[in-house]
Amino acid sequence: MKRLFILLNLCMAQLGCASQAVNLRICDALTQAPVPNAEVTLVISHPPKEFFGSRSVEGKKVEERKGYVFPFSYPLNQDLKCWVTVYKKGYYDTSYELNNKKSTTDSVDLTLYLNPIQKPIPLLASVWLGDDVEFDYAPHETTKRYDCLKADWLPPDGEGIKADMEFAVQRYRKDGKTFVWFKIRFTNPNDGFEEVTTPYAENMFIREAPPTKNLQNQLDFIIELHDWLPKDVPPLKNYAFRVRTQLTPSGDILSAYYGKLYQAFNFGYAAECCTCGFEYYLNPTPNDRNCNPLCAITI
């Protein structure tokens, strides 16, 4: 620990900048209890020394002290970027970007929460980059269907059997402008999407599908084109979804498959056709909302 402070003090002396002291604690996100023996690293990114050079990065291990505290100091300089990374077996990694402004107090108390890896299981998975299946522009709507459990498109684009999702595209003109209308819907009206905006962990955006009863069945994307390029690109989002939902006579969910879509949907455009890329994971066990992958199995 003394060596770390000596190195940091030398760095700050060379840069002529102030420093900020931090008392870091690591806790379990579920139990709020301290997580002992975590591996904490202070990372400092330096600006390039040459005009066309790249930034250099140095990492320094932070030692744990009594009371589950990781004390350290980092330099305050507009040219530097500082953050801490935390690793602990059985948890998802996390990182935290440190403030570049001096605190009003001598030291800052900071607590980071690690999310435990809970019951990882094999999931069906597929990543479509967008160039695998093309949607030709036609006078009428072009439709293709996808089998989530088979992880493939239905013929003639693949060997899927049952259509769970339907992708439709239509190009049209209005007021002298050209538009493309993507419609992505589930063929079962009881299935649907739910956007998830708060990640479970840094490397696990959706660990479990929410138990929401009524979901959005269809997504619509209308994009204006200029010389076959989009005027605005739809933002990529993350969704939990449910397929093959069966309901009881009273409307409760009797059976369903749960999954998640990451970075959806990535559209590509050309003069004669367009493409749609997405990444998804599906739990092959009915009524199990766990989407925490032990491994990804494409079938």
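Residues numbered from 1 in each chain as written. Predicted model: local features only at pLDDT ≥ 70, side-chain atom pairs only at ≥ 80, totals over all residues. Heavy atoms only, no water.

Draft legend 1. Representation of the nonpolar core. Of all hydrophobic cores here, the largest spans 36 residues; its most connected members are Tyr146, Phe167, Phe265 and Phe278. Among the elements of the structure, β8 (121-128), β12 (165-174), β13 (177-186), β15 (218-226), β17 (237-247), β18 (253-269) and β19 (273-282) are those that each provide at least two residues to this core. Here this core gets six residues from one element, more than from any other, and that element is β18. In this view, Phe278 contacts Ser126, Val127, Trp128, Tyr146, Trp153, Phe167, Leu261, Ala264 and Phe265; residues no more than four positions away in its chain are not counted. Listed in part, the 22 residues of the second largest apolar core include Ala38, Leu42, Phe72 and Leu112. (Core = buried A, V, L, I, M, F, W, Y, C linked by side-chain atoms within 4.5 Å. Buried < 20%, exposed > 50% of the residue type's maximum accessible area, 1.4 Å probe, protein only. Helix = DSSP H or I, 4+ residues; strand = E, 2+ residues; numbered from the N terminus. Contact = heavy atoms within 4.5 Å.)

Draft legend 2. Region of the structure containing the sheet that holds strand β4 (residues 69-76). Strand order in the open sheet formed by three strands is β4-β1-β7, and the pairing between neighbours is mixed. Both outer strands of the open sheet, β4 and β7 (107-114), are each paired with one neighbouring strand and no more. Taking the axes of each pair of neighbouring strands and ignoring which way they run, one obtains an average angle of 35° across the sheet. (Pairing = 2+ DSSP bridges. Axes fitted to C-alpha atoms, helices over the stretch in contact; angles between N-to-C directions.)

Draft legend 3. Broad picture of the pattern of salt bridges. Taken as a whole and judged by the stated rule, the model has twelve salt bridges. With a closest N to O distance of 2.8 Å, Asp164 and Arg244 form a salt bridge. Of this pair, Asp164 sits in the loop between β11 (152-153) and β12 while Arg244 sits in strand β17, and the two are 80 residues apart along the sequence. For the pair shown, Asp164 and Arg244 are each scored as buried. In this structure, the salt-bridge partner of Lys237 is Glu195, at a minimum N-O distance of 3.7 Å. In this pair, Lys237 sits in strand β17 while Glu195 sits in strand β14 (residues 192-195), placing the two residues 42 residues apart along the sequence. (Salt bridge = Lys/Arg side-chain N within 4 Å of Asp/Glu carboxyl O.)

Draft legend 4. Spotlight on the pairing of strand β10 (residues 142-147). Relative to β12, β10 runs antiparallel, the two being bridged by five bridges. Opposite Arg145, over in β12, you have Glu166 as the bridge partner. Counting the residues in the hairpin turn of β10 and β11 gives four residues, including Ala151, whose phi is positive at 60°.

Draft legend 5. Broad picture of unusual backbone geometry. Here the bond from Pro155 into Pro156 is cis, since omega is 10°, no more than 30 degrees from zero. Examined against the element boundaries, Pro156 turns out to sit in the loop between β11 and β12. The omega torsion across Ala264 and Phe265 is 0°, close enough to zero to call that bond cis. Structurally, the position occupied by Phe265 is in strand β18. Residue Asp227 is not a glycine yet carries a positive backbone phi of 55°. Structurally, the position occupied by Asp227 is in the loop between β15 and β16 (229-230). For Asp227, a relative accessible area of 73% puts it in the exposed group. We note that Trp228 has phi near 70°; this positive angle belongs to a residue other than glycine.

Draft legend 6. Geometry of the pairing of β12. In the sheet, β12 pairs with β13 via ten bridges, with the strands oriented antiparallel. Each residue of the ladder has a partner; that of Phe167, found in β13, is Ile184. The hairpin turn running from β12 into β13, its antiparallel successor, is two residues long, and Asp175 in that turn takes a positive phi close to 55°.

Draft legend 7. Representation of the sheet that holds β13. Reading across the sheet, the six strands line up as β11-β10-β12-β13-β15-β16 and stay open at both edges, with antiparallel pairing between neighbours. Single-partner strands in this sheet number two, and they are β11 and β16. Strand direction decides the pairing type here: β10 and β11, joined by two bridges, are antiparallel. Residue pairing in the sheet places Asp147 in a bridge with Asp152 of β11.

Draft legend 8. Inspection of the packing of aromatic side chains at higher detail. Per the counting criterion, the structure on display carries 28 aromatic pairs. The ring of Phe135 is capped by Lys144, whose NZ or CZ atom sits 5.9 Å from the centre of that ring. Positioned above the aromatic ring of Tyr137 is the side chain of Arg171, whose terminal nitrogen or guanidinium carbon lies 4.9 Å from the ring centre. (Phe/Tyr/Trp six-rings, centres within 6.5 Å; stacked < 30°, edge-to-face > 60°. Lys NZ or Arg CZ within 6 Å of the ring centre and 35° of its normal.)

Draft legend 9. Seen up close, the environment of Met165. Position of Met165 among the secondary structure elements: in strand β12. Classification of Met165 as buried rests on a relative accessible area of 1%. Spatially, the C-alpha atom of Met165 lies 19 Å from that of Lys213, the residues being 48 residues apart in sequence. Those residues within four positions of Met165 in sequence are excluded, and the remaining contacts are Lys144, Arg145, Tyr146, Cys148, Ile184, Arg185, Phe186, Phe193 and Phe265.

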